[in-house]
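Letter by letter, the chains look like this.
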Amino acid sequence: MAKFAVIGLGKFGMTVATTLYKNGAEVVAIDNNQELIDEVKDSVSVAVNMNSTNEKALKMNGIQDMDAVILAIGNNIEVSVLTSVILKKLGVSNIYAKVDSKVHARILELLGIKNIIFPEEQIGLQIANSLLSGNILEYVDLSSGHSVIEFKVPESWVGKTLQELALPTKRGVNVVAIKYTAQEITEDGENVTIQRVNDLPGANDVIKHGDVLVLIGPKTKINNLITETSKKGF
Ligand code: ADP
């Protein structure tokens, strides 16, 4: 079984730790905030309240035997740097470090950390790429913190009904309309392709190849959907 340690249980570290554990990995979660330790303890293998700059404590918890250590302290460069140095000293070769700034990234680079994660930048990149890839035809931010997008359906959705996709419950976004093309015959007997809009989509409507969904939801949910569906093989 793969073994990981996650140090720092902010939003990022917490998500990484619980997701690894949910998927069958052994996870040691570390933070010096007892509230976070209590929150995570049933969703990881072991939760330890300790200071990540305490070399002895890291060693006692077997940090050197992990397949990878995820260092998720972005908001305190000093602690992140010191912890990185100790992890290297203890022989941890596979370190993934989350940073919140370019300066932080640069310092860890100089320390020889190869896997540096800058979440905002990476999500920004993914979303820009996905916009460029043509899956997102429109992206409008509303002042309420919601976004509206026109979204070309991925192949894996084709043939499913809206009820099966369950976008509101599973992804927190609502389908406002389905844009589709239809082959129709004009009065003169001519075969034409016409753009149509179903602006009252129902649970039994089936997604077809080439359909474009108009979706609305909180910006974070919309961005999650874009990021996830832009992955290879989705
Ligand atoms: P996010 O941006 O993902 O919410 P943060 O970088 O703000 O993440 O979270 C840092 C986490 O690291 C916090 O939960 C904090 O309690 C923890 N932390 C900070 N310093 C230490 C330390 N010296 N030892 C262990 N955990 C620490």
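Our structure is the block above this text.
Read on for an overview of the structure.

**Side note on the sheet that holds strand S5 (residues 95-98)**
- In space, the six strands of this open sheet follow the order S3-S2-S1-S4-S5-S6, with parallel pairing throughout. In this open sheet, the two edge strands, each paired with only one partner strand, are strand S3 (46-49) and strand S6 (115-117). With strand direction ignored, the average angle separating the axes of adjacent strands in the sheet is 15°.
- Pairing between S5 and S6: three bridges, direction parallel. Considered in S6, the bridge of Lys-98 is made with Ile-117.
- Lying over the sheet, helix H1 (residues 11-22) contacts strand S1 (3-7), strand S2 (26-31), strand S4 (68-71), S5 and S6, oriented at roughly 160° with respect to S1.

**Focus on the packing of helix H6 (residues 119-133) against helix H9 (residues 219-229)**
- Across the interface, H6 lies against H9 with an axial gap of 9 Å and an inter-helix angle of 70°. Between H6 and H9, the interaxial angle falls into the category roughly perpendicular. The element H6 and its partner H9 pack so that their crossing is left-handed. Facing H6, whose interface residues are Ile-123, Gln-126, Ile-127 and Ser-130, H9 presents Asn-223, Ile-226 and Thr-227.
- Counted by class, the contact of H6 with H9 contains three nonpolar, four polar and no charged residues.

So, how was this worked out
- Residues numbered from 1 in each chain as written.
- Predicted model: local features only at pLDDT ≥ 70, side-chain atom pairs only at ≥ 80, totals over all residues.
- Heavy atoms only, no water.
- Pairing = 2+ DSSP bridges.
- Helix = DSSP H or I, 4+ residues; strand = E, 2+ residues; numbered from the N terminus.
- Axes fitted to C-alpha atoms, helices over the stretch in contact; angles between N-to-C directions.
- Contact = heavy atoms within 4.5 Å.
- Parallel < 35°, antiparallel > 145°, perpendicular 65-115°, else oblique.
- Left-handed = near helix turned anticlockwise from the far one by under 90°.
- Nonpolar A, V, L, I, M, F, W, Y, C, P; charged D, E, K, R; others polar.

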